[in-house]
Amino acid sequence: MSKHHPPRLLDSAIAAESRFFKIEELHLEFSNGERRIYERLVGSGQGAVMVLPITEQNELLLISEYAAGTERYELGFVKGLVDRGEAAIDAANRELQEEVGFKAQDLQLLTELSVAPGYFSSHMSVYVAQGLQPSVLEGDEPEPLEVIKLPLDEIDNLYANPAFSEARSVASLLLLEKWLKQN
């Protein structure tokens, strides 16, 4: 825990805005009197979810999806935004149906993650999904997602895959391994 008190907010304003994000400028005064201007991305405020689905055959379901930031297809887990008024656990089951065509009878919260907290005011709830049953909902992806089945005993191979580099997915997989040993 920090011994410091949070800085005092003197002023804030939206510096720029797009379809997905707002850039907020924060004028802060720290406990020692130092003043600074910070900028941060402001998300929807609803949060996001990531889902690590495990089949009855002890396979992990991943997706291959185009990532505009890296300009390539990335291998990762089901993820998406929580809709206004929707509980995170319900968003997890909805995204699971939209992206891989299954719903989960059992969703357990694995962890809560923040993404670049120095610049982004967002959080992600990560769930383990089990008891999968076929159920398809129409999603918002521009093309069908490729679903990859990975036997749980081959998880180590995933870390060496250059397409599996997204930090939230890597961190979640490490936590899943610990979770699997405990359960």
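Residues numbered from 1 in each chain as written. Predicted model: local features only at pLDDT ≥ 70, side-chain atom pairs only at ≥ 80, totals over all residues. Heavy atoms only, no water.

A. Seen up close, unusual backbone geometry. One non-glycine residue, Asn 58, lies in positive phi territory at about 60°. Note that Asn 58 resides in the loop between β4 (48–53) and β5 (59–67). Looking at Asn 58, the relative accessible area reads 47%, which means it is partly exposed. Not every positive phi belongs to a glycine, and Glu 71 is a case in point at roughly 55°. By the secondary structure assignment, Glu 71 is in the loop between β5 and β6 (72–76). (Helix = DSSP H or I, 4+ residues; strand = E, 2+ residues; numbered from the N terminus. Buried < 20%, exposed > 50% of the residue type's maximum accessible area, 1.4 Å probe, protein only.)

B. Geometry of helix α1 (residues 88–100). Taking 1.5 Å of rise per residue, 13 residues should cover 18 Å, and α1 covers 18 Å from first to last C-alpha, within 8% of that figure. Inspection of α1 places Ala 91, Ala 92, Asn 93, Arg 94, Glu 95, Leu 96, Gln 97, Glu 98, Glu 99 and Val 100 among the buried residues, and these make up the whole buried set. Buried residues belonging to α1 abut β4, β5, β7 (78–81), β8 (102–114), β10 (123–134) and β11 (146–151). Of the residues flanking the end of α1, it is Gly 101, one or two places downstream, whose phi is positive at about 80°. (Expected span 1.5 Å × (residues − 1). Contact = heavy atoms within 4.5 Å.)

C. Spotlight on the pairing of strand β3 (residues 35–42). The sheet contact formed by strand β2 (residues 22–29) and β3 spans eight bridges and is antiparallel. Residue pairing for β3: His 27 is matched across the bridge by Ile 37. Count of turn residues in the β2/β3 antiparallel hairpin: five residues, of which Gly 33 carries a positive phi of about 90°. One ladder, built from two bridges, connects β3 with strand β9 (residues 120–121); its direction is parallel. From the neighbouring strand, Leu 41 faces β9, where its bridge partner is Phe 120. (Pairing = 2+ DSSP bridges.)

D. Just the pattern of salt bridges, in detail. Here the structure, examined in full by the defined rule, presents 11 salt bridges. A salt bridge links Arg 36 to Glu 34, with the shortest nitrogen-to-oxygen separation between them at 3.3 Å. With a closest N to O distance of 2.6 Å, Glu 74 and Arg 72 form a salt bridge. For Glu 74, a relative accessible area of 11% translates into the label buried. Take Arg 72: its relative accessible area is 34%, and that puts it in the partly exposed class. A network of salt bridges, in which partner residues are shared, links Asp 83, Glu 86, Arg 94, Glu 95 and Glu 98. (Salt bridge = Lys/Arg side-chain N within 4 Å of Asp/Glu carboxyl O.)

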